[in-house]
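# Coordinate inspection notes
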Amino acid sequence: MRLSARVDYALRAVAELALAATSPPRAVLTAEQVARSQGIPPKFLESILLQLRRAGVVQSQRGPDGGYWLARPAEEINLAEIIRVIDGPLANVRGHRPEDLGYQGPAAALQEVWIALRASEREILESVSVADVATGKLPDRVRDLTADPRAWS
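It should be emphasised that the depicted structure is a prediction, and the values quoted were computed from it without experimental measurement.

Right, let's talk about unusual backbone geometry for a bit. Within the chain, Arg 94 stands out as a residue other than glycine whose phi angle is a positive 55 degrees. Tracing the sequence through the fold places Arg 94 in the loop between α4 (79-87) and α5 (110-125).

Structure below.
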């Protein structure tokens, strides 16, 4: 699985906003604050936050007290949603969805492999919420997978 810098930055930004939401009163963070905290180029982050706002993941307010915050509770936003907003479908082959591919002969089974791969990605990414990431309390299934030393290489 290959994730773009945009996805990486988006996931880190929403985790930062999730953490800010846990401290009363709910903190509104500027793009600059998020960028500084996460080491993200500010202009790049602003375009990502605009994408997330258009998709209803974050909300924003202009002005001296303005900034960004999560549009829904962090527990209701999973990683797969963020990835889809930023980069589109979870798995594709040469820009096509696996179910739209037509392999021939001995390569025909590859389509099922790509679909299984997408299902596996979806299983993990839809089970992990932004709140899980922000608090470091990942689901047991994720912890089990990362406990295997082979997962790290």
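What follows is about the side chain of Ser 129. Tracing the chain through its elements places Ser 129 in the loop between α5 and α6 (130-135). Within polar-contact distance, the side chain of Ser 129 engages the backbone nitrogen of Ala 131 at 3.3 Å. In this view, Ser 129 contacts Ala 74, Glu 75, Ile 77, Asn 78 and Leu 79; residues no more than four positions away in its chain are not counted.

Both strand β1 (residues 58-61) and strand β2 (residues 67-70) contribute to a ladder of four bridges, which runs antiparallel. Residue pairing across strands places Val 58 opposite Leu 70, the latter belonging to β2. Connecting β1 to the next strand, β2, in antiparallel fashion are five residues, including Gly 63 with a positive phi near 105 degrees.

Within the structure shown, the criterion is met by nine salt bridges. Note that Arg 150 and Asp 148 form a salt bridge whose closest N and O atoms lie 2.9 Å from each other. Among the residues examined, Arg 150 registers a relative accessible area of 66% and is labelled exposed. Taking the relative accessible area as the measure of exposure, Asp 148 reaches 27% and is therefore partly exposed. When salt bridges that share partners are traced, they join Arg 84, Arg 122 and Glu 126 into one network.

Definitions and limits used
Residues numbered from 1 in each chain as written. Predicted model: local features only at pLDDT ≥ 70, side-chain atom pairs only at ≥ 80, totals over all residues. Heavy atoms only, no water. Helix = DSSP H or I, 4+ residues; strand = E, 2+ residues; numbered from the N terminus. Polar contact = N/O pair within 3.5 Å; in protein donor to acceptor, adjacent residues only side chain to side chain. Contact = heavy atoms within 4.5 Å. Pairing = 2+ DSSP bridges. Salt bridge = Lys/Arg side-chain N within 4 Å of Asp/Glu carboxyl O. Buried < 20%, exposed > 50% of the residue type's maximum accessible area, 1.4 Å probe, protein only.

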